[in-house]
Amino acid sequence: MPQDIERLVKASKEALSFSRPVYSGFRVGAAVIAHDGRLFTGCNLENASLTLSVCAERVALMKALSEGATGLRAIAITCASGKTCYPCGSCRQLLFEYAPEIKIVLPSRSSIKVLDLKELLPMPFIKK
Ligand code: THU
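Let me begin by describing the structure that accompanies this report. All values reported here derive from a predicted model rather than from experimental measurement.

1. So, the site of the ligand
Consideration 1: Close contacts around the ligand come from Ser24, Phe26, Val28, Asn44, Glu46, Cys55, Ala56, Glu57, Tyr86, Pro87 and Cys88, and that covers them all.
Consideration 2: The contact in question runs from an oxygen atom of the ligand to an N or O atom on the side chain of Asn44, over 2.9 Å.
Consideration 3: Counted by class, the shell around the ligand contains 7 nonpolar, 2 polar and 2 charged residues.

2. Some words on the state of the cysteines
Consideration 1: Scanning the model with the defined rule gives 1 disulfide in all.
Consideration 2: Residue Cys79 pairs covalently with Cys85 via a disulfide, S to S 2.4 Å.
Consideration 3: In this structure Cys43 is not part of a disulfide, and its nearest cysteine sulfur, from Cys55, lies 11 Å away.
Consideration 4: With a relative accessible area of 8%, Cys43 lands in the buried category.
Consideration 5: Lacking any disulfide linkage, Cys88 is separated from the closest cysteine sulfur, that of Cys91, by 3.7 Å.

3. Observations regarding the environment of Ile75
Consideration 1: With respect to the helices, strands and loops of the structure, Ile75 is situated in strand β3 (residues 74–79).
Consideration 2: Classification of Ile75 by relative accessible area gives buried; the value is 0%.
Consideration 3: Each C-alpha atom of the pair Ile75 and Leu8 lies 7.1 Å from the other, and the pair is 67 residues apart in sequence.
Consideration 4: Setting aside residues up to four positions removed in sequence, Ile75 forms contacts with Leu8, Ala31, Val32, Glu57, Leu95, Ile102, Lys103, Ile104 and Val105.

What counts and how
Sequence order as written defines the numbering, with residues in each chain counted from 1. For this predicted model, a pLDDT threshold of at least 70 governs which residues receive local features, and a threshold of 80 or more governs which side-chain atom pairs are given and counted, while totals over whole chains, interfaces and linings are taken from all residues. In computing side-chain properties, one takes all heavy atoms of the structure into account and sets aside hydrogens as well as water. Working definition: residue near molecule or strand if any one of its non-hydrogen atoms lies within 4 Å of it. Residues adjacent in sequence count toward polar contacts only when both atoms are side-chain atoms; beyond that, a polar contact is any pair of N or O atoms within 3.5 Å, and within protein one must be able to donate a hydrogen and the other to accept it. When residues are sorted by character, Ala, Val, Leu, Ile, Met, Phe, Trp, Tyr, Cys and Pro go into the nonpolar class, Asp, Glu, Lys and Arg into the charged class, and all the rest, Gly among them, into the polar class. Any pair of cysteine sulfurs within 2.5 Å is marked as a disulfide. The classification of residues rests on relative accessible area computed with a 1.4 Å probe and restricted to protein chains. Under 20% of the type maximum is buried, over 50% is exposed, and intermediate values are partly exposed. A run of DSSP states H or I qualifies as a helix once it reaches four residues; a run of E qualifies as a strand once it reaches two. Both are numbered from the N-terminal end. Contact definition: two residues touch when any of their heavy atoms are within 4.5 Å.

Spelled out as C-alpha cells, the structure:
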C-alpha cells in the first residue's frame, strides 16, 4: 500500500497539468488504482456550459470503469493549491456505487491523509 500511495500521488500530481480550469482557475488531478495495479488518471475539465464541467476524480473513475478495471483500491486527489482537496459530495456518491471500500488519498503540501470512503460518506444513498 505505501508504494501504491506514492504512485497514486505522483500520477495525480502529473494529471494536474492536463486540467482545463478555464472558468474557475482551480486545477484538480486524480489517479485511481485497480486491484491488478493498473492506474487511471483524471483532471477537471470545464465547459462554457458550466454544468457540463467534470471533476477530476469522476474522469479517473469513468476511465477505469470503461476500460474494465475492477476492485478499485484507492484514489488520490490533488489540488494545485497545495491544500487538502476533499472530493465533492456527488463524487463521493459516485465512488460509493462502484467502489464502496475504496481508500481516499489526499495529499497536501504538508501531509498525505488516507481515509475510508465510509468516513467521508457515512450515509450514502442506496436504492432499496
Ligand atoms: N472539482 C474537482 O475536480 N473535484 C472535486 O471534488 C471538487 C471540484 C473541480 C470542479 C471545478 O472544475 C473546479 O474544481 C472548481 O470548482
